[in-house]
Amino acid sequence: GGLFANLFVSSDAIDTDFMVKISDVYPTGEVRILEDNAVRMRWRENTLTPVYMESGTVYNIEMNLWNTSYVVAPGHALRVSVSSSNNPRF
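### A word on the sheet that holds strand S2 (residues 17–25)
Point 1. Spatial strand order, S3-S2-S5: three strands in an open sheet with antiparallel pairing. A single partner strand is all that each edge strand has here, and the edge strands are strand S3 (31–40) and strand S5 (77–83). Looking at each pair of strands side by side, their axes are set apart by 15 degrees on average, direction ignored.
Point 2. Sheet topology places S2 next to S3; nine bridges connect them, and they run antiparallel. Note that in S3 the partner of Asp24 across the bridge is Arg32.

Here it is in structure tokens:
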């Protein structure tokens, strides 16, 4: 089914990225990314003109992490990561 992340974010920069990753954490410590997505804040309103952030303002953003069908194996765990970078992908 569909995966969504609803974030309340703020920054003192006029523009930044927010990333959400859902990963499978194996009992060995190995991690495999299942789904991820990003929002560049200046394009959050899907307009042709960028809309920059204002310092001290909290923004509500909803991120679509697409659809998935995944069975979490015994002993595994799901990890949700939120950051302004997506190392090692970007």
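### Description of the packing of aromatic side chains
Point 1. The final tally for this structure, using the stated rule, is zero aromatic pairs.
Point 2. Lying across the ring of Tyr59, Arg44 places its NZ or CZ 4.5 Å from the centre.

### A word on the nonpolar core
Point 1. Leu7, Val9, Phe18, Val20, Met41, Ile61 and Met63 are the most contacted members of the largest nonpolar core, which has 13 residues in total.
Point 2. Every element with two or more residues in this core is listed here: strand S1 (2–9), S2 and strand S4 (59–67).
Point 3. Residues within four places of Ile61 in sequence aside, it is in contact with Ala5, Asn6, Leu7, Val9, Phe18, Val39 and Met41.

Reading the values: rules and limits
- Residues numbered from 1 in each chain as written.
- Predicted model: local features only at pLDDT ≥ 70, side-chain atom pairs only at ≥ 80, totals over all residues.
- Heavy atoms only, no water.
- Pairing = 2+ DSSP bridges.
- Helix = DSSP H or I, 4+ residues; strand = E, 2+ residues; numbered from the N terminus.
- Axes fitted to C-alpha atoms, helices over the stretch in contact; angles between N-to-C directions.
- Phe/Tyr/Trp six-rings, centres within 6.5 Å; stacked < 30°, edge-to-face > 60°.
- Lys NZ or Arg CZ within 6 Å of the ring centre and 35° of its normal.
- Core = buried A, V, L, I, M, F, W, Y, C linked by side-chain atoms within 4.5 Å.
- Buried < 20%, exposed > 50% of the residue type's maximum accessible area, 1.4 Å probe, protein only.
- Contact = heavy atoms within 4.5 Å.

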